[in-house]
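In case you want the letters, here they are:
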Amino acid sequence: MNENEDYFRISKNGDIHTLSDRIPFNWKELMIWTSASFIFLIWFLGIGVGIFVAILTLIGYTLYRFASWIYYTELKIDEKSGKVTRLKKILDRTQKMELIAEKFDPNRFEYSELTRSGKTKFLMNYRTHKNNELLILKNKADKELIEKYIAEKITVYNNV
């Protein structure tokens, strides 16, 4: 099972559910976006300045997408043990592993509204003795998808 979204992925491997914020590096999307950007910037700013700004935009956007593909976070929920862990990864190698909770409780998830650049996003938190900020979700539909997935698909066996 694998549900793909733009800014997060949900997958299941055996008894372990994984929520990841790794953005896929898609060359087709990169080419289409940068081509449209080149045409618009050259038309809007003129040939000399437009090409310069378009090249800077191409470099910046490519570096951003590449960096978000290299450095990412995974949240793992183990149905057998009930453990919730957060992994910080660089190129599929774990750089930092943090145990969030020994026993998974779906009622401990909270979603805080964030307003940035006029858009409402949601910060996914898991409350223990401290506030664990896990993922930033881009819209309400993504928040509802994760809430539904956690409520319906994750059943912890060791919940004693």
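Here we summarise the structure given alongside this text.

Conventions we followed
- Residues numbered from 1 in each chain as written.
- Predicted model: local features only at pLDDT ≥ 70, side-chain atom pairs only at ≥ 80, totals over all residues.
- Heavy atoms only, no water.
- Phe/Tyr/Trp six-rings, centres within 6.5 Å; stacked < 30°, edge-to-face > 60°.
- Helix = DSSP H or I, 4+ residues; strand = E, 2+ residues; numbered from the N terminus.
- Core = buried A, V, L, I, M, F, W, Y, C linked by side-chain atoms within 4.5 Å.
- Buried < 20%, exposed > 50% of the residue type's maximum accessible area, 1.4 Å probe, protein only.
- Contact = heavy atoms within 4.5 Å.
- Pairing = 2+ DSSP bridges.
- Axes fitted to C-alpha atoms, helices over the stretch in contact; angles between N-to-C directions.

### Side note on the packing of aromatic side chains
Moving on, step 1. Throughout the structure, instances matching the rule amount to seven aromatic pairs.
Moving on, step 2. Summarising the aromatic geometry, the rings of Y61 and Y64 are spaced 6.5 Å apart at their centres and angled 40° between planes, so their arrangement reads as tilted. On the criterion of helical spacing, the pair formed by Y61 and Y64 is a turn pair, its members being three residues apart in helix 2 (residues 47-70).
Moving on, step 3. Both rings, one in F104 and one in Y126, keep their centres 6.4 Å apart while their planes meet at 15°; by these two values the pair is stacked. With F104 in the loop between strand 6 (93-101) and strand 7 (109-116) and Y126 in strand 8 (residues 119-127), the pair connects residues that are 22 residues apart, well separated along the chain.

### So, the nonpolar core
Moving on, step 1. In terms of nonpolar packing, the biggest core is built from 22 residues, with F104, F109, Y111, M124, I146 and I150 touching the most fellow members.
Moving on, step 2. Elements that contribute at least two residues to this core include exactly strand 4 (71-78), strand 6, strand 7, strand 8, strand 9 (131-137) and helix 3 (140-153).
Moving on, step 3. Residues in contact with M124, not counting those within four places in the same chain, are L19, L75, F109, E110, Y111, N132, E133, L134, L135, I146 and I150.

### Description of unusual backbone geometry
Moving on, step 1. One non-glycine residue with positive phi stands out, namely L91, at about 50°.
Moving on, step 2. Position of L91 among the secondary structure elements: in the loop between strand 5 (84-90) and strand 6.
Moving on, step 3. Here the phi dihedral of D92 falls at roughly 65°; this positive angle occurs in a residue that is not glycine.
Moving on, step 4. In this fold, D92 is placed in the loop between strand 5 and strand 6.

### Remarks on the sheet that holds strand 8
Moving on, step 1. Taken together, the three strands give an open sheet; going across it, the order is 7-8-9, and neighbouring strands pair in antiparallel fashion. The sheet terminates laterally at strand 7 and strand 9, the two strands that pair on one side only. For this sheet, the mean angle separating the axes of adjacent strands, direction not counted, is 30°.
Moving on, step 2. Here strand 7 runs beside strand 8; their pairing, made up of eight bridges, is antiparallel. Residue pairing for strand 8: F109 is matched across the bridge by Y126.

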